[in-house]
Amino acid sequence: MRVAVLGGDGFCGWPASLHLSDLGHTIAIVDNLSRRQIDKELGAESLTPIATMGERLAAWQETSGKSIEFHNLDIAQDYAELAEFISTFRPDAVVHFAEQRAAPYSMKNHATKRYTVDNNVRATHNLLVAIVESGLDVHVVHLGTMGVYGYGTAGMKIPEGYLDVQVASESSEPLSQQILYPTNPGSVYHMTKVLDQHLFAYYAKNDELRITDLHQGIIWGTNTPQTLRSERLINRFDYDGDYGTVLNRFLMQAAVGYPLTVHGTGGQTRAFIHIRDMVTCIQLALENPPAKGERVKIYNQMTETHRVRDLAELVARLSGAQVAYVPNPRKESAENELYVSNDTFLDLGLHPTRLEEGLLQEVEDVARKYAHRADRSKIPARSLWTSAQAAGVPDSEK
Ligand code: NAD
Ligand code: USQ
């Protein structure tokens, strides 16, 4: 298969590109390296020493004998170049990772809110328009988020994208329908994934584009068998208050002796998946595309759910770290339950990497190994969700 990986320099896109290249697919990476630029803006860096794109691709060529093309372009801004790329590379599939993905970054200020919406919505829409314009039959695999469903307690198992409903009708029988599961995003970033969903539904209906939207949980872990082949192939590991995600932050904090930063009561329950399972899911999604004219396929790409305070206690037990309950900088439910259906990937053959199998190894192999590169001043999460929080108004008065 000829596969274009948009956002192929990122945390998910880089290991996914190598995995697909290793399987024998022809890969072209498209990325404007904006994530590396945001690191500079934030004065933060990956805990792991990531090589430049040129060095990465040379290392992959040396270790695998395979070459990957790289196109440095902004898919939200450079429409003509994107359209030209699609019509000349002629992909069978595009995997779309190229969005601003940090909720805290998206909530920092007016500039980051506007950038996140402008970048993400335009990127997705430009891709869909460019495919329609090319006249090619390209399967789009998009990385969405579990956060489109929201984190209240649903009182039911969250289905894969579509909800069965019954509506009253004028005749006696109620009508059964399937609708997109009602959305309830918790940040400007998560809201852009809700907007993406509607773009996909429209283009699948109007232009019969074949689209798979993967509602992915929080990734943990760092490396895959391919990124371990050389230090120049190493994947990024974000730990700063904006881009670091909860479990990887806890692992890193344990390694550097920083009390684990549980927001609020830690009663937030979230969905998780290991990075090695993420690359397998991308492969499975590419191998099982929807038919032309079919509605958007939505899969829940997660393997387990955990409460944040339970994760902190687990990491503390394994590593001897302290746990600190800090005021929650976000506006989110203090406690929620989460039950998720993930049958599609399990039925397609995914064998999940369980948390207890990999945690300790991750602390040893990555977090402790690169602990000397950590900047402790970048650990606290400083992005506040509301102006009331910024003004220091206590919770009860908000
Ligand atoms: P990342 O920031 O590491 O990677 C995104 C890549 O896209 C970066 O290399 C960036 O430079 C590039 N990019 C962004 N805007 C672009 C544009 N306009 N043109 C070209 N390139 C652009 O993020 P990630 O963690 O790899 O996440 C990838 C996708 O997966 C995102 O869409 C994210 O929403 C989704 N996701 C991530 C997680 C997670 O835990 N990391 C969980 C669920 C879903
Ligand atoms: N949290 C802490 N302590 C920390 C960091 C986070 O308690 O030091 C809490 C947060 O308050 C939140 C939960 O952990 O309740 C998850 O936060 P996170 O930063 O790990 O995840 P989130 O902001 O939801 O975003 C990440 C990715 C995003 C992806 C999403 C999947 O950055 O790209 O879409 O996970 S999901 O959460 O399933 O929507």
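Placed above this text is the structure.
In this text the structure is predicted, and so the values were computed from the model without any measurement.

Across its full length, the protein chain carries 13 helices and 14 strands. Against the globule reference of 21 Å for 398 residues, the protein chain gives a C-alpha radius of gyration of 21 Å, in line with a compact fold. Projected onto the principal axes, the alpha-carbon positions of the protein chain cover approximately 65 × 55 × 40 Å. Within the span of the protein chain, comprising 398 residues, buried residues form 54% of the whole. Intrachain contacts of the protein chain at a sequence separation of at least 6 include 82% that bridge at least 24 residues. Between the mean site of the 38 positive side-chain charges and the mean site of the 49 negative ones, the protein chain shows a separation of 5 Å.

This part covers the nonpolar core. One recurring pattern in soluble globular proteins: nonpolar side chains tend to sit buried together. Core analysis: the largest hydrophobic core is formed by 43 residues, its most contacted members being Ile75, Ile86 and Ile211. Ignoring anything within four residues of it in the chain, the contact list for Ile211 reads Leu128, His139, Val140, Phe200, Ala204, Pro290, Val296 and Lys297. Among the nonpolar cores identified, the runner-up in size contains 35 residues, and Ile29, Ala93, Phe97 and Phe345 belong to it.

A few words on the site of ligand 2. Close to ligand 2 lie 23 residues, the nearest being Thr145, Tyr189, Val246, Thr261 and Glu332. With respect to ligand 2, the side chain of Thr145 contributes an N or O atom lying 2.6 Å from an oxygen atom. Arg249 has a polar side-chain atom sitting 2.8 Å from an oxygen atom of ligand 2. When residues of the shell around ligand 2 are traced back to their parent elements, those giving at least two are α7 (188-206), α8 (246-256) and β10 (260-263).

The residue Leu33 is not glycine, and still its phi comes out positive at about 60°. Relative to the helices and strands, Leu33 resides in the loop between β2 (26-30) and α2 (34-42). For Leu33, a relative accessible area of 22% puts it in the partly exposed group. Phi angles above zero are rare outside glycine, and Arg90 is one such case at about 50°.

Bringing the packing of aromatic side chains into the picture now. Applying the stated rule across the entire model yields 5 aromatic pairs. Relative to Tyr243, the ring of Tyr105 has its centre 5.7 Å away and its plane inclined at 40°; by these criteria the two rings are tilted. Of this pair, Tyr105 sits in helix α5 (residues 103-106) while Tyr243 sits in the loop between β9 (218-220) and α8, placing them 138 residues apart in sequence. Given a relative accessible area of 1%, Tyr243 falls into the buried group. When the ring of Tyr149 is compared with that of Tyr181, the centres are 5.2 Å apart and the planes differ by 90°; the resulting orientation is edge-to-face. With Tyr149 in the loop between β5 (139-145) and β6 (162-167) and Tyr181 in the loop between β7 (175-180) and α7, this pair connects stretches of sequence that are 32 residues apart. There is no split in this pair, since Tyr149 and Tyr181 are both buried. Looking at Arg270, its charged tip hangs above the ring of Tyr151, at a distance of 3.8 Å from the centre. Over the face of the ring belonging to Tyr162 we find Arg295, whose NZ or CZ atom lies 3.6 Å from the ring centre.

A separate point is the site of ligand 1. Surrounding ligand 1, one finds 28 residues, the nearest of these being Cys12, Asp31, Asn119, Tyr189 and Lys193. For ligand 1, an oxygen atom lies 3.2 Å from a polar atom in the backbone of Gly10. Interatomic distance of 2.6 Å between a side-chain N/O atom of Asp31 and an oxygen atom of ligand 1. If ligand 1 stood free it would expose 820 Å²; the protein chains cover 97% of that surface. The set of elements that each furnish at least two residues to the shell around ligand 1 consists of α2, β5, α7 and β9. A per-class count over the shell around ligand 1 returns 12 nonpolar, 8 polar and 8 charged.

Reading the values: the criteria
- Residues numbered from 1 in each chain as written.
- Chains lettered and ligands numbered in written order.
- Predicted model: local features only at pLDDT ≥ 70, side-chain atom pairs only at ≥ 80, totals over all residues.
- Heavy atoms only, no water.
- Helix = DSSP H or I, 4+ residues; strand = E, 2+ residues; numbered from the N terminus.
- Rg over C-alpha atoms; globule rule 2.2 N^0.38 Å.
- Buried < 20%, exposed > 50% of the residue type's maximum accessible area, 1.4 Å probe, protein only.
- Contact = heavy atoms within 4.5 Å.
- Lys, Arg positive; Asp, Glu negative; His and termini not counted.
- Charge placed at Lys NZ, Arg CZ, Asp CG, Glu CD.
- Core = buried A, V, L, I, M, F, W, Y, C linked by side-chain atoms within 4.5 Å.
- Near = heavy atom within 4 Å.
- Polar contact = N/O pair within 3.5 Å; in protein donor to acceptor, adjacent residues only side chain to side chain.
- Phe/Tyr/Trp six-rings, centres within 6.5 Å; stacked < 30°, edge-to-face > 60°.
- Lys NZ or Arg CZ within 6 Å of the ring centre and 35° of its normal.
- Areas by Shrake-Rupley, 256 points an atom, 1.4 Å probe, with all protein chains shown as cover.
- Nonpolar A, V, L, I, M, F, W, Y, C, P; charged D, E, K, R; others polar.

By themselves these figures say nothing about function.
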